[in-house]
Amino acid sequence: MTQLAGTTEFSAPLKLKVRATCLTAEQFARLCQENPDLRIELSAQGELLIMPPTGAGIGRRNSRLTRHLDTWAEADGTGVAFDSSSMFTLPNGAVRSPDASWVQRARWEALSPEQQEGFAPLCPDFVVELRSPSDRLSELQEKMLEYIDNGTHLGWLIDPSDKRVYLYRAGQSVEVLDDPALLSGDPVLPGFTLPVHELW
């Protein structure tokens with residue numbers, strides 16, 4: 001049935017179990033390259049996660065988020081910022097693409113050019129996930145814990161619909177902020193602040 005423009009339904013991520021197929025890193029990379037309009041991730045449990053496209057509203061918010069982080073990173077110089085199209089292979093084998101992330105420059109430069117151009121084999125020091133209408137909060141919370149378990153020092157899960165932010169820090173309990181005006185990246189990203197109200 002044909003849908004009218006602007007009435008597309010957003011559904012939860014499609015999960016396909018592929019562990020038994022022994023999907024190689026090269027095959028996964030080719031799958032992503034041949035489907036550039038889809039956001040595809042691979043879980044540590046061998047599930048292929050296919051996310052629906054985001055709406056324009058989330059795209060606009062993500063653009064603002066990335067712009068703030070990249071501007072700070074360029075001025076600070078101690079690390080490298082990445083947008084939502086960047087893929088990372090975590091130590092547990094999962095391949096993830098956070099909505100925004102940052103890696104210490106020394107860790108990034110320790111990678112070979114081939115590793116940098118591929119799905120970089122490291123977990124970012126800082127990650128942000130921006131919840132879209134199609135995202136289940138519980139699944140994003142599990143993903144944030146996975147980042148922390150694999151080496152992330154600071155993570156922000158931003159939920160624009162509820163105007164709420166979940167702060168994840170290594171070795172600490174999750175902190176929940178209701179309708180904050182500003183987020184601080186200290187001490188992981190010294191001096192970085194995000195006027196999160198711009199994302200509501």
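A short tour of the structure in this document, coming up. These figures come from a predicted structure and were not determined experimentally. (Residues numbered from 1 in each chain as written. Predicted model: local features only at pLDDT ≥ 70, side-chain atom pairs only at ≥ 80, totals over all residues. Heavy atoms only, no water.)

**So, helix α1 (residues 25-34)**
Here comes step 1: When α1 is considered as a whole, its buried residues turn out to be Phe28, Ala29 and Cys32. Down the axis of α1, the sector holding all buried residues measures 100°, keeping them to one side. Residues Glu26, Arg30, Gln33 and Glu34 are exposed on α1 and point more than 90 degrees away from its buried face.
Here comes step 2: In the core, the buried residues of α1 are packed alongside β2 (39-42), β3 (47-51) and β6 (95-96). (Buried < 20%, exposed > 50% of the residue type's maximum accessible area, 1.4 Å probe, protein only. Helix = DSSP H or I, 4+ residues; strand = E, 2+ residues; numbered from the N terminus. Arc of directions from axis to C-beta. Contact = heavy atoms within 4.5 Å.)

**Quick word on the pattern of salt bridges**
Two side chains with opposite charge may pair up if their charged atoms get near one another.
Here comes step 1: Applying the stated rule across the entire model yields 12 salt bridges.
Here comes step 2: In this structure, glutamate 41 and lysine 143 form a salt bridge, with 3.0 Å as the shortest nitrogen-oxygen distance. Taken together, the positions of glutamate 41 in strand β2 and lysine 143 in helix α5 (residues 137-149) put the pair 102 residues apart, joining distant regions of the chain. Just as glutamate 41 is buried, lysine 143 falls in that class too.
Here comes step 3: Here arginine 107 and aspartate 125 are joined by a salt bridge, their closest N and O atoms 3.0 Å apart. On the criterion of sequence distance, the pair formed by arginine 107 in helix α3 (residues 105-109) and aspartate 125 in the loop between α4 (113-117) and β8 (126-130) is long-range, its members being 18 residues apart.
Here comes step 4: Residue aspartate 125 is classed as buried on the basis of its relative accessible area of 1%.
Here comes step 5: Because the salt bridges share partners, they merge into one network encompassing Glu41, Arg96, Glu129, Lys143 and Glu146. (Salt bridge = Lys/Arg side-chain N within 4 Å of Asp/Glu carboxyl O.)

**Concerning unusual backbone geometry**
Here comes step 1: Residues aspartate 186 and proline 187 are joined by a peptide bond in cis, for which omega reads -5°.
Here comes step 2: Topologically, proline 187 is positioned in the loop between β12 (183-184) and β13 (193-194).
Here comes step 3: One non-glycine residue, aspartate 179, lies in the positive phi region at around 50°.

**Thoughts on the environment of arginine 61**
Here comes step 1: Relative to the helices and strands, arginine 61 resides in helix α2 (residues 56-76).
Here comes step 2: Judged by its relative accessible area of 17%, arginine 61 is buried.
Here comes step 3: Note: C-alpha distance between arginine 61 and asparagine 92 (31 residues apart in sequence) is 30 Å.
Here comes step 4: Excluding its chain neighbours within four sequence positions, the residues that come into contact with arginine 61 are Leu130, Pro160, Leu199 and Trp200.

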